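Structural overview for review
Next come the chains, spelled out residue by residue.
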Amino acid sequence: MLGFCRGRRKFLAASLTLLFVPAVTWIYLFTGSFDDGKSVSLSPLDTQPHSPRYSASSQRESLEVRVREVEEENRVLRKQLNLAQSRGSSHRHSNRSKTYSMEEGTGDSESLRAGIVAGNSSECGQQPAVEKCETIHVAIVCAGYNASRDVVTLVKSVLFHRRNPLHFHLIADTIAKQILATLFQTWMVPAVRVDFYDADELKSEVSWIPNKHYSGIYGLMKLVLTKTLPASLERVIVLDTDITFATDIAELWAVFHKFKGQQVLGLVENQSDWYLGNLWKNHRPWPALGRGYNTGVILLLLDKLRKMKWEQMWRLTAERELMSMLSTSLADQDIFNAVIKQNPFLVHQLPCFWNVQLSDHTRSEQCYRDVSDLKVIHWNSPKKLRVKNKHVEFFRNLYLTFLEYDGNLLRRELFGCPSETDINSENLQKQLSELDEDDLCYEFRRERFTVHRTHLYFLHYEYEPAADDTDVTLVAQLSMDRLQMLEAICKHWEGPISLALYLSDAEAQQFLRYAQGSEVLLNRRNVGYHIVYKEGQFYPVNLLRNVAMKHVSTPYMFLSDIDFLPMYGLYESLRKTVLQLDMSNTKKALIIPAFETLRYRLSFPKSKAELLSMLDMGTLFTFRYHVWTKGHSPTNFAKWRTATTPYRVEWEADFEPYVAVRRNCPEYDRRFVGFGWNKVAHIMELDAQEYEFTVLPNAYMIHMPHAPSFDITKFRSNKQYRICLKTLKEEFQQDMSRRYGFTALKYLTAENNS
């Protein structure tokens, strides 16, 4: 077969030469002129030189068309010849198995057009191209927090290279569905559709199979895709979560056209000796054909598999082998290989660059010699990026590129392909179109409608609800420059925490490394970290607060800020207070008095008496007493000093205390971004909804010093910023009047009197 391909290449070279000479002749004859000024016609139909049907202009047009056709043919032939030569060089330097050598010549959509096809051997012919707007279907099994993070990197690599619409079919557990549904909804990538299938419902289909692989029960679910995916879906690419694409996935989708006969599975040969059984003494793997096949990348012809009764086929095989093997070691891969061992005709073997496996003991170096050879990288080892490989640094850097790549840049339209616009996107476009771009506060108003890509529960999260329904979650938001506060807050607050972090993709990875390197944070599983990705020029403080609030799972929440440390024991104190003040049946906002220190090193007071002593000594102050007295003066610190029971205070203009409330309290208003009025507006709405403000006599929190934020600097230095903030305040108050009627008039009069 290789000899045939070489002969074919010689034929192409000869053809190229033969066609090139006539092309030059055509051009010469077309551009040349004779003494009479008339172009020469070579049309075999033009026997009458002066025939009106074949005038000089029509002759010229005919020649132009023919020249373009010949030039196009020559261009195609040159391309084919170059590819033939590169493929020939590839074969000469390859020591791969015979089957793979034959397949390699057909590894991409640019292969030669013609050739003789024999079963699953070399195909010198070009595979049919994928239609421009053809939808490519991808199935992924994903469960848990860590796998959800891995899926994002995989999806980024696919989106980066793709030119076709994509339809992701995600077999996900409850956790992964919540995370990924929110992520894709807020990502808003054009020409991408996502459907979810309940992995928990599929457990009974495979739970009878004992599995030692680290993927657990979810590692067996690829076996039931024919039953799980829609009956109308004919073919699908199945991917593991630890895959990274280095090329357009359409190239892989095009390989379906090369399946022959009864081939229904496209797989790459296993690149380790696992199935050869020689890795260690007494190693006994499941049966496989030769080296076996890796199931990290699978092409599934679903319609044919269903007709072959795939469900019965794999079940009978698994039952038979489990009688002697007792359990699977490599999850679904063992069962796929056992089926293939009995039915080798099912497999279309893919070139190994479609699944360059980076587990230990692999021979992946045989799959590539150059960067252009790489198609798919597979981190199929529990050690992931710490595997041993000759070129692991290159692979790691390629992976990290997508890991930290700005996902907002992938929101690009596909030119020439109709895109389904969902109702949310239409509403967003309508709202944005109604804004006046000449308005000096346009950027402020636009921020209210910006959809920020959001990754919920970026790290593992565990929470067991309290039996007495008194549990309280601390809610806060932060950016990278406040990361150092996390450990201290976790030491001060032992209860659940919900945090929204405003980060770039690269910063999210820095945070991940920080959290995984912190013993304090690693030991806290009841902290929900929700990443809101950066976009726009303002810090969306109230959006962040709303994200953190929305994912509180306790009946009550303590609305704090990241630069405050709550007193030791505040968590338990609030839980007792919730019962004492009958919070479940009353609308109360419990005020935790706020203080501040100007010292970076503080011996934190362990009691109210110790705090009062520090106030008297000038080590502590009431919060913002010297720059924004109105913000906390209604707390009545003088009364608090001697109070032993909770006391009620009235709302006043610009009041912005830190409060503990029921989970169903109003959201923060998104029009307020950066610095200024973001908490004031929220407290005003609590008052409008008739919440009682109750100060707790034995509770306190202390603000720790830090450098001024970028937003407060803009507020102080930019006059236009302050003008727009004042405009937004007035609009908010007008909205309050419309929503709450006569009772809201006091907010307007209070503002005028302040």
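Quick note: structure is the one above.
Residues numbered from 1 in each chain as written. Predicted model: local features only at pLDDT ≥ 70, side-chain atom pairs only at ≥ 80, totals over all residues. Heavy atoms only, no water.

Attention now goes to the nonpolar core. Ranked by internal contacts, the top residues of the largest apolar core, which has 114 residues, are Leu-499, Phe-511 and Phe-558. By size, the runner-up hydrophobic cluster in this structure holds 99 residues, among which are Ile-140, Val-238, Ala-288 and Leu-410. (Core = buried A, V, L, I, M, F, W, Y, C linked by side-chain atoms within 4.5 Å. Buried < 20%, exposed > 50% of the residue type's maximum accessible area, 1.4 Å probe, protein only.)

A complete count under the given rule lists four cavities of 30 Å³ or more for this structure. In terms of lining, the second largest cavity is formed by Arg-545, Leu-559, Ser-560, Asp-561, Pro-657, Tyr-658, Val-659, Tyr-668, Lys-679, His-682 and Ile-683. The element that contributes the greatest number of residues to the lining of the second largest cavity is helix H22 (residues 678-688), accounting for three residues. Residues that form the lining of the second largest cavity fall into these classes: six nonpolar, two polar and three charged. (1 Å grid on protein atoms, 1.4 Å probe; cavity = no way out; pocket = protein on both sides within 12 Å on 5 of 7 lines; lining within 4 Å. Points joined across faces, edges and corners; volume = space filled by probe spheres on them. Helix = DSSP H or I, 4+ residues; strand = E, 2+ residues; numbered from the N terminus. Nonpolar A, V, L, I, M, F, W, Y, C, P; charged D, E, K, R; others polar.)

Among the residues of helix H15 (residues 485-492), those classed as buried are Met-485, Leu-486, Ile-489, Cys-490 and His-492. Along H15, the residues classed as buried sweep out an arc of 165 degrees about the axis, all on the same side. Those residues of H15 that are buried lie in contact with strand S12 (472-479), strand S13 (497-503), helix H16 (505-516), helix H17 (519-522), strand S14 (527-533) and strand S16 (564-566). (Arc of directions from axis to C-beta. Contact = heavy atoms within 4.5 Å.)

With the rule as written, the count across this model stands at 33 salt bridges. Between Asp-195 and Arg-193 there is a salt bridge whose closest N-O contact spans 3.2 Å. For Asp-195, a relative accessible area of 22% gives the class partly exposed. Using a relative accessible area of 46% as the deciding quantity, one classes Arg-193 as partly exposed. Close ionic contact of Asp-735 with Arg-671 constitutes a salt bridge, the shortest N to O distance being 2.7 Å. Taken together, the residues Asp-735 in helix H24 (residues 719-740) and Arg-671 in the loop between strand S21 (659-662) and H22 connect sequence positions 64 residues apart. (Salt bridge = Lys/Arg side-chain N within 4 Å of Asp/Glu carboxyl O.)

The strand order across the open sheet formed by three strands is S5-S10-S9, and the pairing between neighbours is mixed. Strands with a single pairing partner mark the edges of an open sheet, and in this sheet they are strand S5 (243-245) and strand S9 (356-357). Taken strand by strand, helix H12 (residues 392-403) contacts S5, S9 and strand S10 (376-378), and its axis lies near 85 degrees from that of S5. (Pairing = 2+ DSSP bridges. Axes fitted to C-alpha atoms, helices over the stretch in contact; angles between N-to-C directions.)

Attention now goes to the packing of H22 against H24. One way to put it is that H22 packs onto H24 with a least axis distance of 12 Å and a crossing angle of 15 degrees. One element, H22, and the other, H24, form an angle in the roughly parallel class. The hand of the H22/H24 crossing is right-handed. Of the residues in H24, those in contact with Ala-681, Met-684, Glu-685 and Ala-688 of H22 are Phe-732, Gln-733, Met-736, Arg-739 and Tyr-740. Here the residues of the contact of H22 with H24 are counted per class, giving six nonpolar, one polar and two charged. (Parallel < 35°, antiparallel > 145°, perpendicular 65-115°, else oblique. Left-handed = near helix turned anticlockwise from the far one by under 90°.)

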